[in-house]
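# Geometric and topological summary
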Amino acid sequence: MELNDLQAQRAAKLERLRAAGLDPFPTRSTRTHTIATVLTDFDTLAVAPTTLTIAGRVIGARRIMGKIAFAHVEDGTGTLQLWISRADVGDEWFARFRDDLDTFDIVQATGTLRRTKAGEASLFVSSLSVLAKAVNPPPEKWAGLTDVEERHRQRYLDLIVNAEVRTVFQARATAISAMRRVLDSHGFLEVETPVLQPIYGGAAARPFLTYHNTLGQQLYLRIATELYLKRLIVGGFPGVYEISKNFRNEGVDRSHNPEFTMMECYQAYGDYTTMMRLVEELLRAMCVAVTGTTTATYQGQTLDFGVAWPRLPMRAAIAAQTGLDIGTLSTLEALHAALTANALKVERKPTWGKQVDELFSTYVQPTLVQPTFILDYPVELSPLAKRKPDDPAFTERFEAFAVGMELGNAFTELNDPFDQEQRFLAQGRDFAAGDAEAHQMDVDYLNALMYGLPPTGGLGMGIDRIMMVLTDRPNIREVILFPHMRQREDKP
RNA sequence: GGGCCGGUAGCUCAGUGGUAGAGCACCUGACUUUUAAUCAGAGGGUCGCGGGUUCGAUCCCCGCCCGGCUCACCA
């Protein structure tokens, strides 16, 4: 390791501890109390007075005077001030605290509890020890660590110094627990399906490729769990869900990370309206778990998850924003002509379905601030969704939107193996025509459908994006502990 | 991929075609109730990387790397 000056100073202190017969990295701590319990029971413990031992990281500046010193220690449950008197700990340890210990070292302190004259709850230390010497120095104590790249590359440091970052990930865990509770309460079984897949499917996306050496087999990292989960509904489970990482080999921006967390669930004998009620219940529970109420504030806008979401057919939504009725403009030529006639600034797409989607993304999606369901997507865009009985050009599919961002996608699942085969074949033609995200043919999945998939409702929800909304973080990297960063060689 | 902005001490940031700056941190010394402690003093740099122009480049030019915002892409 090459050490800079500050690291070398700390390494030298570490060696001085060793020379004094002290282990700078002892095997274990002998603490008796967490700081949270000390603070909760402070008055009782202080009156006794009980001798107790706490442990944690020295944070903030140490304030060291000739015969007395103050420092704050943080152990993940709370922060406690140490009051260190030369008279109490002895000349040797007082000097050692001053000369050989540093901010960020992890220490253990034994003593009794009292309040200082200023009223701050403190441990009046009788003895100290080192649990782990920190070789790296802390960032600047007032401005802290603000460089976004460094915060994400060194998330461990970000978590130490930026307290609100920890709360975001605590909120994430709390929200996912709430999600599991809702799903479990509805009888969904949590399952695990393959990450390494010989055929990828369940979404329109480009995959990551990998290779199994012994089998000599090319494999893909999953882009969705959908097709495996529906095989399990064929197998007879009444409902299944999986919360899993998906991998999509696509662009990276503030709402896309190459690996992201998705919850997918499937309910036998349900349909997409069942899934709408489930989305409402899930978001309400997750919102309450995070904010304590059924509302969340995102970038100054209050979102209400306590009410039923508006259900807006895509056709009507597009008509409202553009004046065009895609129900009557049913060919690509007619649609393109109408775009031109109405001077709508939309990129031209090669198929009717993609053009509709582009129109929607440009004119409708940004307007969907409050939680909203958009219903009934063109069949071309939805190769796994069942057609509407009264309008076979559209499917029983919805996407859940909030703050202009797609949070979820659901449909009444296509269970006709012959229709599914035709959809796969159409996707194959799209792929051959240059659509790198078109769905692959999956013969085994067709075989499963040929045993009979009951009418089923299915749902996928992007956990990361939900957490962006609930924690008011406009960048997905702020809700992913270790977001993908380009490799860098000059620094760790 | 395009546009705009950025990369200077451990961190947060100034700055200039002529020996590289501040605050905090760190180091030395003083100090027995601090709360961004205070006071005095000292040290610390591949100015992202490579090339070019120049007597001289951290600064100007070109290329590249990394990042931020944004547009495009990602149903």
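Quick caveat, the model's predicted, so the values are computed rather than measured. (Residues numbered from 1 in each chain as written. Chains lettered and ligands numbered in written order. Predicted model: local features only at pLDDT ≥ 70, side-chain atom pairs only at ≥ 80, totals over all residues. Heavy atoms only, no water.)

## Structural notes on empty space enclosed by the protein
Applicable threshold: Buriedness for pockets is judged along seven lines, at least five of which must meet protein on both sides within 12 Å for an open set on the 1 Å grid over protein atoms alone, while cavities are sets there where a 1.4 Å probe fits but cannot get out, and lining residues have an atom within 4 Å of a point. Grid points are joined across faces, edges and corners, and a volume is the space filled by probe spheres set on the points. Starting at the N terminus, helices and strands are each numbered in turn, a helix being any DSSP run of H or I of at least four residues and a strand any DSSP run of E of at least two. Residues are grouped as follows: nonpolar covers Ala, Val, Leu, Ile, Met, Phe, Trp, Tyr, Cys and Pro; charged covers Asp, Glu, Lys and Arg; every other residue, Gly included, is treated as polar.
Going through the model one piece at a time under the given rule, you end up with one cavity of 30 Å³ or more. Taken as a whole, the largest cavity spans an internal volume of roughly 40 Å³. Forming the walls of the largest cavity are Q197, I199, Y200, G201, A224, T225, E226, L227, Y228, R231 and D442. Broken down by element, the residue count for the lining of the largest cavity peaks at four residues, all from helix α8 (residues 226-234). Split by residue class, the lining of the largest cavity holds five nonpolar, three polar and three charged.

## Some remarks on the sheet that holds strand β4 (residues 106-115)
Formally: DSSP bridges decide pairing: two strands pair if at least two such bridges lie between them. Think of each axis as a best-fit line through the C-alpha atoms, taken over the contacting stretch in the case of a helix, with angles from 0 to 180 degrees between the N-to-C directions. Residues count as neighbours in contact if any of their non-hydrogen atoms are within 4.5 Å of one another.
If you walk around this closed barrel you meet the five strands as β1-β2-β3-β5-β4, and the pairing is mixed. In this sheet, neighbouring strand axes are inclined to one another by 55° on average, regardless of whether the strands run parallel or antiparallel. In terms of strand pairing, strand β1 (residues 52-64) meets β4 through six bridges, oriented antiparallel. Looking at the pairing, R57 lines up with I106 of β4. Contacts from helix α4 (residues 86-99) reach β1, β2 (68-74), β3 (79-85) and β5 (121-132) within the one sheet, and its direction differs from that of β3 by about 105°.

## Structural notes on the protein's contact with RNA strand B
Which entries qualify depends on this criterion: Throughout, the term near means that a residue has one or more heavy atoms lying within 4 Å of the molecule or strand in question. By the criterion applied in these results, polar contacts are pairs of N or O atoms within 3.5 Å in which, for protein atoms, one can donate a hydrogen and the other can accept it, and in which residues neighboring in sequence qualify only through two side-chain atoms.
Around RNA strand B, the structure places 49 residues, and the nearest of them are Q9, A204, E250, H256 and D357. Of everything in RNA strand B that lies within 4 Å of the protein, sugar and phosphate atoms constitute 61%. For RNA strand B, a phosphate oxygen lies 2.6 Å from a polar atom in the side chain of K141. Side-chain polar atom of R486 to a phosphate oxygen of RNA strand B: 2.8 Å apart, as the coordinates give it. Elements represented by at least two residues in the surface near RNA strand B include exactly α1 (5-19), β1, β2, β3, α5 (148-153) and α12 (352-363). A total of four residues in the surface near RNA strand B trace back to one element, the largest contributor, which is α1. Across the surface near RNA strand B, the residue classes tally to 15 nonpolar, ten polar and 24 charged.

## A few points about the nonpolar core
What counts is decided by this rule: Throughout this description, the term nonpolar core refers to a set of buried Ala, Val, Leu, Ile, Met, Phe, Trp, Tyr and Cys residues connected via side-chain atoms within 4.5 Å. Accessibility here uses a 1.4 Å probe with only protein chains present; expressed as a share of the type maximum, an area under 20% marks a residue as buried, one over 50% as exposed, and anything in between as partly exposed.
Counting 48 residues, the largest nonpolar core has M263, F398 and L459 as its most contacted members. If near-sequence neighbours (up to four positions away) are discounted, L459 is found in contact with M263, E264, C265, Y266, M275, L278, V279, L282, F398, N409 and A410.

## So, the packing of helix α7 (residues 163-185) against helix α15 (residues 463-471)
Packed helix pairs are specified by the crossing angle of their axes together with the interaxial distance, meaning the distance between the axes. Quick note on the threshold: The cut-offs work like this: below 35 degrees is roughly parallel, past 145 is roughly antiparallel, 65 to 115 is roughly perpendicular, and the gaps in between are oblique. Left-handed describes a crossing in which the near helix is turned anticlockwise from the far one by less than a right angle; the clockwise case is right-handed.
At a minimum axis distance of 10 Å, the contact between α7 and α15 shows a crossing angle of 120°. Looking at the two axes, α7 sits oblique to α15. For the pair α7 and α15, the crossing hand works out as right-handed. Counted together, V168, A171, R172, A175, I176 and M179 of α7 and I463, D464, M467 and T471 of α15 form the full contact between these two elements. Looking at the contact of α7 with α15 residue by residue, the class counts come to seven nonpolar, one polar and two charged.

## Focus on the environment of G458
Secondary-structure assignment places G458 in strand β20 (residues 456-462). In this structure G458 comes out as buried when scored by relative accessible area, which is 2%. Distance from G458 to E140, taken between C-alpha atoms, is 49 Å for residues 318 residues apart in sequence. Excluding residues that lie within four positions of it along the chain, G458 makes contacts with C265, Y266, M275, N409, A410, F411 and E413.

## So, the pairing of strand β8 (residues 209-212)
Direction of pairing for β8 relative to strand β9 (residues 217-221): antiparallel, over a ladder of four bridges. In the sheet register, T210 faces β9, and the bridge partner there is L219. Count of turn residues in the β8/β9 antiparallel hairpin: four residues, of which G216 carries a positive phi of about 60°.

## Things to note about helix α10 (residues 314-322)
How we decide: This arc describes the spread of directions from the helix axis toward the C-beta atoms.
Residues of α10 that are buried include every one of M314, A317, I318 and T322, and no others. Seen from one end, α10 has its buried residues packed into an arc of 105°, which puts them on one side. Against β14 (311-313), α12 and β15 (372-375) lie the buried residues of α10. Of the residues one or two after α10, G323 is the one with positive phi, at around 80°.

## As for unusual backbone geometry
Residue P49 is bonded to the preceding A48 through a cis peptide linkage, with omega at -20°. Despite not being glycine, F104 has its phi angle at roughly 90°, a positive value. Positionally, F104 belongs in the loop between α4 and β4. Look at F104 and you get buried, because its relative accessible area is 7%. With a phi close to 70°, Y269 is a non-glycine residue in the positive phi region. The topology assignment puts Y269 in the loop between β11 (259-268) and α9 (272-291). Taking relative accessible area as the criterion, Y269 reaches 68% and is therefore assigned exposed.

## Considering the side chain of D419
As for its placement among the helices and strands, D419 is situated in helix α13 (residues 417-432). Classification of D419 as buried rests on a relative accessible area of 15%. A polar contact is formed between the side chain of D419 and the side chain of R387, at a distance of 3.2 Å. Setting aside anything within four residues of it in sequence, one finds D419 in contact with R387 and L414.

## Things to note about the state of the cysteines
We count it as follows: When two cysteine sulfur atoms lie within 2.5 Å, the pair is treated as a disulfide.
Inspection of the entire model under this criterion finds zero disulfides. With no disulfide of its own, C265 lies 19 Å from the sulfur of C287, the closest cysteine sulfur. On the accessibility criterion, C265 (0% relative accessible area) is buried.

## Looking at α9
The condition is simple: Any helix carries an expected span of 1.5 Å times its number of residues minus one.
With 20 residues, α9 extends 28 Å between its outermost C-alpha atoms, agreeing within 8% with the 28 Å of an ideal straight helix rising 1.5 Å per residue. For α9, the complete set of buried residues consists of Y272, T274, M275, M276, L278, V279, E280, L282, L283, M286 and C287. G292, located one to two residues past α9, shows a positive phi value of around 85°.

Just distances and angles here, no functional claims.
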